Amino acid sequence: MKFYSTNRQVPHVDLADALLEGQAADRGLYMPLQVPSIADIISRAKDLSYPELAAQVLSLYADGVFSRAEMEDICADAYNFEVPVEPVIGRRHILRLDCGPSASFKDFAARFMGRALGRLVTARGRELLILTATSGDTGSAVAHAFLGVPGIRVLVLFPTDEVSDRQRRQMTTLGGNIATISVSGKFDDCQALVKRAFSDPDLSGLQLSSANSINIGRLLPQSVYYIYAASRIADIAGGEKVIISVPSGNFGNLMGGVLAFRGGLPVQKFVVATNANDEVPVFFQTEQYRKIEPSIVCLSNAMNVGHPSNLARLVDLYGGHLDEKGVLHRVPDMAAIRRDFYGVSISDDATRDTIGRVFRETGVMLEPHGAVGWAGLERFFESHPELADCPALSLETAHPAKFPDEVIRLTGTAPTLPDALKGLDALAERYDHMAVDYAAFKQILLEKYR
Ligand SMILES: *Cc1c(COP(=O)(O)O)cnc(C)c1O
């Protein structure tokens, strides 16, 4: 399997080079030349364990890079936690992606990447510096997944005021090969610093790679849980279609689902649920793309993204071209986009209302991101009553205990602390601080990492 860049100015690469490079040299994003068919896998998905399913799906992209046996090892080791699919009302379910070591769905991709990249750098005798910008959860998932991996160092940039206390502690208390910088800016500022470092020729000696969702290694593992969960609630082998709501920020999660869909997963509709950063739902409706600068600070902080990098991939898959600056050079097939996606923006008020109401009515505790997904699903069913009996999934992307203050206020109940978050408050934190200043960032990179 080869991968091309959405800007189409560089040669095709295999999975190893796509993982190691992160972003292509022409600043495009890597995509598989052909999305492989998963028809065979779908016919037996419901009998496969999560790690078995993951190994089968990911092997489709990895020929010549990882053998099937290696992929089975990687997946058995990476996916050693529960992936609960819980009924809420009728055939509507939540898919709980919060049972990994950092209690967010980003563990699924980060744990695959940590293991895959660890093997690649060891085999090639190389060293790698993973630079990553986080709006809250990528940083901790990546930090946990790469902690102690030989040959790899990690530097995480996070926006000082936009991550919760617990999210920050999950990154700043690890030490070892993991370093963190708090940036007095927004997530978009952190992302811009990281992107600029990638294209800076003065830093080409550093062997930089990215664990942001610009790396294709972040998307491929995220297609697996769509197949897994759909197989648990519907007869997908018989072609029964599922409605799936995805709380979205940078659209990496959604793109995982879209790859599964292109490969043959029967999906009726993806509900694309954002917070007030609604540039994508607006784009679906108006066909005009306008990034939101600066991005709007919302309760669902990991989705405060005003110019999602993965939108370029979605536009590309539907025949358009959006460049990294947000300029739409070719309009994608908007009729097909509207057939496959239902965009909806959920306010913070509606998010809070959903957390309180769903808890009172069903006993299910949501956190702000999952609540955006659930509210989006409710809106979809309100406008499509004819589909009321379709099986549906809403993705719960983080554990409620990551946002204890808000959840306690809205439900009157303290979320139980998962093991992953126990003891955090007592550990010592270590991190640097920086203004939004590329020159200062570059100096740190050159001084500490050359
Ligand atoms: C990152 C994140 C999101 C958004 O996912 P994208 O892939 O960026 O769309 C949603 N919820 C949580 C909890 C996250 O950490």
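Residues numbered from 1 in each chain as written. Predicted model: local features only at pLDDT ≥ 70, side-chain atom pairs only at ≥ 80, totals over all residues. Heavy atoms only, no water.

### A short note on the sheet that holds strand S8 (residues 208–210)
Okay, so step 1: On the basis of which strands lie adjacent, the open sheet formed by five strands has the order S8-S5-S6-S7-S15 and parallel pairing. Looking at the sheet topology across the chains shown, the edges are occupied by S8 and strand S15 (432–434). Strand after strand, the sheet turns through a mean of 30° between neighbouring axes, direction not considered.
Okay, so step 2: Bridge count for strand S5 (residues 128–133) against S8 is three bridges, and the pairing is parallel. Looking at S8, one finds that Leu131 is bridged to Ser210.
Okay, so step 3: Lying over the sheet, helix H18 (residues 438–449) contacts S5, strand S6 (152–159), strand S7 (178–183) and S15, oriented at roughly 160° with respect to S6. (Pairing = 2+ DSSP bridges. Helix = DSSP H or I, 4+ residues; strand = E, 2+ residues; numbered from the N terminus. Axes fitted to C-alpha atoms, helices over the stretch in contact; angles between N-to-C directions. Contact = heavy atoms within 4.5 Å.)

### Considering the sheet that holds strand S13 (residues 341–345)
Across a sheet, paired strands are connected by hydrogen bonds in the backbone, their directions being either parallel or antiparallel.
Okay, so step 1: The six strands lie next to each other as S3-S4-S14-S9-S10-S13, forming an open sheet whose pairing is mixed. Every other strand in the sheet has two partners, leaving strand S3 (85–89) and S13 as the edge strands with one partner each. Averaged over all pairs of adjacent strands, the angle between their axes in this sheet comes to 25°, without regard to strand direction.
Okay, so step 2: Sheet topology places strand S4 (residues 92–96) next to strand S14 (residues 392–396); five bridges connect them, and they run parallel. Residue Ile94 lies in a different strand from S14, and its bridge partner there is Ser394.
Okay, so step 3: Relative to S14, helix H16 (residues 368–383) is tilted by about 155°, and along the sheet it contacts S3, S4, strand S9 (242–247), strand S10 (267–274), S13 and S14.

### Focus: the packing of helix H6 (residues 137–146) against helix H7 (residues 165–172)
Okay, so step 1: Between H6 and H7, the shortest axis-to-axis distance is 8 Å and the interhelical angle comes to 30°. It follows from the interaxial angle that H6 and H7 lie roughly parallel. Like other packed secondary-structure pairs, H6 and H7 cross with a definite hand, here left-handed. Contacts between H6 and H7 involve Asp137, Gly139, Ser140 and His144 from the former and Gln167, Gln170 and Met171 from the latter.
Okay, so step 2: Of the residues belonging to the contact of H6 with H7, the class tally is one nonpolar, five polar and one charged. (Parallel < 35°, antiparallel > 145°, perpendicular 65-115°, else oblique. Left-handed = near helix turned anticlockwise from the far one by under 90°. Nonpolar A, V, L, I, M, F, W, Y, C, P; charged D, E, K, R; others polar.)

### Section: the packing of helix H3 (residues 50–59) against helix H4 (residues 68–78)
Okay, so step 1: Two elements in contact, H3 and H4, have axes separated by 8 Å at closest approach and are oriented at 135°. Between H3 and H4, the crossing angle belongs to the class labelled oblique. Helix-helix and strand crossings are classified by hand; for H3 and H4 the assignment is right-handed. Residues Pro51, Ala54, Ala55, Gln56, Leu58 and Ser59 of H3 form the contact with H4, whose participating residues are Arg68, Met71, Glu72, Cys75 and Ala76.

### Side note on the site of the ligand
Okay, so step 1: Around the ligand lies a shell of 15 residues, among which Lys106, Asp137, Gly249, Asn250 and Thr397 are the nearest.
Okay, so step 2: Between Gly249 and the ligand, the recorded distance is 2.8 Å, taken from a backbone N or O atom to an oxygen atom.
Okay, so step 3: Between Asn253 and the ligand, the recorded distance is 2.8 Å, taken from a backbone N or O atom to an oxygen atom.
Okay, so step 4: Burial of the ligand by the surrounding chains reaches 98%, relative to a free accessible area of 380 Å².
Okay, so step 5: A molecule is said to occupy a pocket when more than half its atoms come within 2 Å of that pocket's grid points, and by this definition the ligand occupies the largest cavity.
Okay, so step 6: Considering only residue class, the shell around the ligand consists of six nonpolar, seven polar and two charged. (Near = heavy atom within 4 Å. Polar contact = N/O pair within 3.5 Å; in protein donor to acceptor, adjacent residues only side chain to side chain. Areas by Shrake-Rupley, 256 points an atom, 1.4 Å probe, with all protein chains shown as cover. 1 Å grid on protein atoms, 1.4 Å probe; cavity = no way out; pocket = protein on both sides within 12 Å on 5 of 7 lines; lining within 4 Å. Sits in = over half its atoms within 2 Å of the grid points.)

### Digging into the pairing of S4
Okay, so step 1: The buried fraction of S4 amounts to four of the five residues, a majority that puts the element mostly inside the structure.
Okay, so step 2: Strand direction decides the pairing type here: S3 and S4, joined by four bridges, are antiparallel. Across the sheet, residue Pro87 finds its bridge partner in S4, namely His93.
Okay, so step 3: Linking S3 back to S4 in an antiparallel pair, the connection comprises two residues, with Gly90 at a positive phi of about 55°. (Buried < 20%, exposed > 50% of the residue type's maximum accessible area, 1.4 Å probe, protein only.)

### Focus on the layout of surface pockets
Okay, so step 1: Considering only enclosed or pocket space, the largest pocket measures out at about 510 Å³ in volume.
Okay, so step 2: Its residues assigned to classes, the lining of the largest pocket comprises three nonpolar, six polar and 10 charged. (Points joined across faces, edges and corners; volume = space filled by probe spheres on them.)

### Points about empty space enclosed by the protein
Okay, so step 1: One pass over the structure, following the stated rule, counts four cavities of 30 Å³ or more.
Okay, so step 2: The space that makes up the largest cavity amounts to roughly 280 Å³.
Okay, so step 3: Considering the residues around the largest cavity, the lining is formed by 26 residues, among which Phe105, Lys106, Arg218, Asn250 and Ala302 are closest to the centre.
Okay, so step 4: Of all elements in the fold, only H6, helix H8 (187–198) and helix H11 (252–263) reach the threshold of two or more residues within the lining of the largest cavity.
Okay, so step 5: Here the lining of the second largest cavity is composed, by residue class, of five nonpolar, six polar and four charged.

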